[in-house]
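# What the coordinates show
Listed below, chain by chain, are the residues.
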Amino acid sequence: MHIIDQPAQQELNLEEKQWYSMALGDLTLFFQQNGNELLTAVNYQSRDKPALREALRKIDDLPQGVKVGERLYSGPEEESVYIELQLADKPYQVNADTPIKLGPKGRVVLYVSTSLWVQLKTIDTQKVMTEYPAVIPRMSWVGSSSIEGALCYSAKTAAPSELSQVSRKEHRAITALEIVNDSSHSPLTIQRLSLPLNMLSLFYSESAGFWTESIRFRMDAETGETVIVTSQKPPDELGGCEKISTARDSKQSSRLRTAMKLIMG
Amino acid sequence: MPEFLQSVALVSWVRAVLFIVVGFIIAKLASRLFRKLSDNKLSTHHQLLGSMLIFYLLFMLFFLSGLKELGFSMSVLLGAAGVLSVAVGFASQTSASNLISGLFLIAEKPFEVGDVLTLNEFTGEVIAIDLLSIKLRTFDNVMIRVPNETLIKTTFVNLSRFPIRRVDLVIGIAYNEDIEVARTVLLEAALHHPRALVNPEPFCIVTMFNASSVDLQLSVWVVRTELKDAKSELLIACKKALDTAGIEIPFPHTSVYVGEHTKPLPIQLVEAAKKHKE
């Protein structure tokens, strides 16, 4: 069993009975190869430094208080396991710090960032053996009432409209959201948006960090009608970004439209 | 009776029994097959209903064929069934009522297998919905059988119908404390708790001026499956937050006022009395 450290795609062989650790956001993940099993342990700790991503490194032993969480077996024939970074498994409800008002026929591009997840996947069969969020997300309810809706994650965001104002953190992926008010008469007020992250892919480049596909919301403030279009890639101004993981839910087209009913929360 | 007639009758009996036994096995197999095929496609409730229907329909077909094999005429049987149903109906009113109530419950579907119900003084998980009764398993692992008729007649609470629930915590603070500060402290504790949903937002209201305390109600929405843990953790978080802010949670106490028309209260100092005796 060996581990490829993405996105650098560097293949590493774990030494037998040797503990390794890697960190992303609040998450520190520990591994040890023990015969045909891979032991994992996790520890969550709020970090002072905002940008944090530590590559896999050797450590003497598990820190005090951290216990082995799982024993992983990849299959009857020892199959290789690798680390993949992924977006959240549920939509994210993004709450703007300050409500945003868009005039009739107005248009704005907002940048929002959400935490990444770490997955351990088998190379051949691409099965997820285990996964952990880089930061434990808060849950929220999106729906017209407390009986109709869905559970999703929630995050507060400043949602800057300038790319230069976006703070890039190594455990977060940025999504460019273009919001268009199709109404000719009424202004559109946006307090929260539901990002269908489970239907988006993750991209990476050395210079720009982690990004998802750009999304365009066309909303009509009068009728409430919303149409969503994904551009299949991050903004062009970032240059070449490499896709490092595909969407969890690849049946995008029909579901994306369903998800749109939840957009305005 | 001539020997050959006896053998003919025996063959009929054997065939009739065979029909019934084979019918029972086929009906069971068909109902199980339906359950397997409908797994992940239908709800447990509908699976149960479908499999029961398949079983009883198939079994009745084979049973009637068995009776026909014995020489029973179906028209006579149907006529007899009418008369019999009246007689049986009188004799088994309760069972019939339960059976019909069960059908109504299945159609109305106020709960499913796996839901948690509170019925009178019992709370438990529904483990089976049968034609005559439902079975509940309480959290201390006791099985309770509730006749379907009771469910139709009484009010029961389905605690697990919706994915989110609201936890209402009533917390009393001392009269000399600042209510607004206490409210803010409690809301902060709820807002920062990992199990509290961000939306719908938590809220805190004053509910009563009680005998020894001003009662505040902190209401927090949580994921239904985490309700028990969330309630306990939130109470701990509130106590800690109030302690940190130096806000007193009072215990019941009584203030005694002595007016000028009463005799002075006799006060005895125990230590002083002891010394005096010595």
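Not measured: the values here are computed from a predicted model.

Calculation rules
- Residues numbered from 1 in each chain as written.
- Chains lettered and ligands numbered in written order.
- Predicted model: local features only at pLDDT ≥ 70, side-chain atom pairs only at ≥ 80, totals over all residues.
- Heavy atoms only, no water.
- Helix = DSSP H or I, 4+ residues; strand = E, 2+ residues; numbered from the N terminus.
- Buried < 20%, exposed > 50% of the residue type's maximum accessible area, 1.4 Å probe, protein only.
- Contact = heavy atoms within 4.5 Å.
- Buried area = accessible area lost by both parts, 1.4 Å probe.
- Salt bridge = Lys/Arg side-chain N within 4 Å of Asp/Glu carboxyl O.
- Polar contact = N/O pair within 3.5 Å; in protein donor to acceptor, adjacent residues only side chain to side chain.
- Nonpolar A, V, L, I, M, F, W, Y, C, P; charged D, E, K, R; others polar.
- Pairing = 2+ DSSP bridges.
- pLDDT = per-residue confidence, 0-100.
- Phe/Tyr/Trp six-rings, centres within 6.5 Å; stacked < 30°, edge-to-face > 60°.
- Axes fitted to C-alpha atoms, helices over the stretch in contact; angles between N-to-C directions.
- Expected span 1.5 Å × (residues − 1).
- Arc of directions from axis to C-beta.

Moving on: the overall build of chain B. A tally of regular secondary structure across chain B gives eight helices and eight strands. Viewed in the frame of its principal axes, chain B has a C-alpha envelope of about 120 × 55 × 35 Å. Scored against the burial criterion, the 278 residues of chain B give a buried share of 30%. A sequence separation of at least 24 residues applies to 63% of the contacts in chain B between residues at least 6 apart.

Bringing the interface of chain B and chain A into the picture now. Contact with chain B, which involves 15 residues of that partner, is made by 11 residues of chain A. Of the roughly 1,100 Å² buried between chain B and chain A on both sides combined, carbon and sulfur atoms contribute 62%. Counting the surface chain B buries against chain A, the share from its top three residues, Ile164(B), Val198(B) and Asn199(B), is 45%. Viewed at the interface, chain A and chain B are joined by zero salt bridges. Linking chain B with chain A are six residue pairs in polar contact (both at pLDDT 80 or more). Contributing elements (two or more residues each) for the side of chain B that touches chain A: helix H6 (179-191) and strand E8 (214-223) of chain B. Its residues placed into classes, the side of chain B that touches chain A shows 12 nonpolar, three polar and no charged.

This part takes up the pattern of salt bridges. Enumeration over the complete set of coordinates arrives at 18 salt bridges over all chains. A salt bridge links Arg15(B) to Glu69(B); the shortest N-O distance between them is 3.4 Å. Here the residue Arg15(B) occupies a position in helix H1 (residues 3-37), and Glu69(B) occupies one in helix H2 (residues 44-69), the gap between them amounting to 54 residues. With a relative accessible area of 24%, Glu69(B) lands in the partly exposed category. Counted as one network, the salt bridges with shared partners bring together Arg107(A), Glu178(A) and Arg216(A).

All names here are of chain A. Both faces of strand E17 (residues 202-205) are covered, namely the face carrying Leu202 and Tyr204 and the face carrying Phe203 and Ser205. Pairing analysis gives four bridges linking E17 to strand E18 (residues 209-212), with the strands arranged antiparallel. Residue pairing across strands places Ser205 opposite Gly209, the latter belonging to E18. In this antiparallel pair of consecutive strands, E17 and E18, the connection spans three residues. Pairing of E17 with strand E21 (residues 242-245) involves three bridges; the strand directions are antiparallel. Bridge pairing in E21 places Phe203 opposite Lys243.

What follows covers the confidence of the model for chain A. Summing up the model confidence of chain A, the mean pLDDT is 81 and the portion of residues at 70 or higher is 85%. Across residues 257-265 of chain A, confidence stays below pLDDT 50; counting only partners more than four residues off in sequence or on other chains, it has 18 contacts.

Residue and element names in this part refer to chain A. Relative to the assigned elements, Glu37 resides in strand E5 (residues 37-44). In the structure, Glu37 is positioned 105 residues away from Val142 in sequence and 40 Å away in space, judged by C-alpha atoms. Those residues in contact with Glu37 that sit more than four places away from it in its chain are Gln32, Arg71, Leu72 and Tyr73. Engagement of the side chain of Glu37 in a polar contact is seen with the side chain of Arg71, the distance being 2.9 Å.

Below, the discussion takes up the packing of aromatic side chains. Residues and elements named next belong to chain A. Within this structure, the stated rule accounts for 11 aromatic pairs over all chains. Between the aromatic rings of Trp117 and Tyr153, the centroid separation amounts to 5.9 Å while the plane-to-plane angle is 40°, which identifies the pairing as tilted. Of this pair, Trp117 sits in strand E11 (residues 117-122) while Tyr153 sits in strand E14 (residues 150-157), and the two are 36 residues apart along the sequence. On the basis of relative accessibility, which here comes to 7%, the residue Trp117 falls in the buried class.

Looking now at the sheet that holds strand E4 (residues 27-34) of chain A. All names here are of chain A. In spatial order, the strands read E6-E3-E4-E5-E7; together these five strands make up an open sheet with antiparallel pairing. With one partner strand each, in any of the chains shown, strand E6 (53-59) and strand E7 (70-72) form the two edges of the open sheet. For this sheet the average axis-to-axis angle between neighbouring strands, irrespective of direction, equals 20°. In this structure, strand E3 (residues 19-24) lies alongside E6, joined through five bridges in antiparallel fashion.

The subject of this paragraph is the environment of Phe139(B). All names here are of chain B. Looking at where Phe139 falls in the secondary structure, it is placed in the loop between strand E3 (133-138) and strand E4 (143-147). Taking the relative accessible area as the measure of exposure, Phe139 reaches 57% and is therefore exposed. Taking the C-alpha atoms as reference points, Phe139 and Asp229, separated by 90 residues in sequence, lie 15 Å from one another. Residues within four places of Phe139 in sequence aside, it is in contact with Val116 and Thr123.

Each turn of an α-helix holds 3.6 residues, which means side chains three or four residues apart point in the same direction. Residues and elements named next belong to chain B. End to end, helix H7 (residues 227-244) covers 25 Å across 18 residues, agreeing with the expected 26 Å (1.5 Å per residue, within 8%). Buried within H7 are the following residues: Ala230, Leu234, Cys238, Ala241 and Leu242. With its buried residues spanning 90° around the axis, H7 presents them on a single face. What points out from H7, more than 90 degrees from its buried face, is the exposed set Lys228, Lys240 and Thr244. Lining the buried residues of H7 we find strand E6 (164-173), H6 and E8. Once H7 finishes, Gly246 follows within two positions and takes phi at roughly 70°, a positive value.

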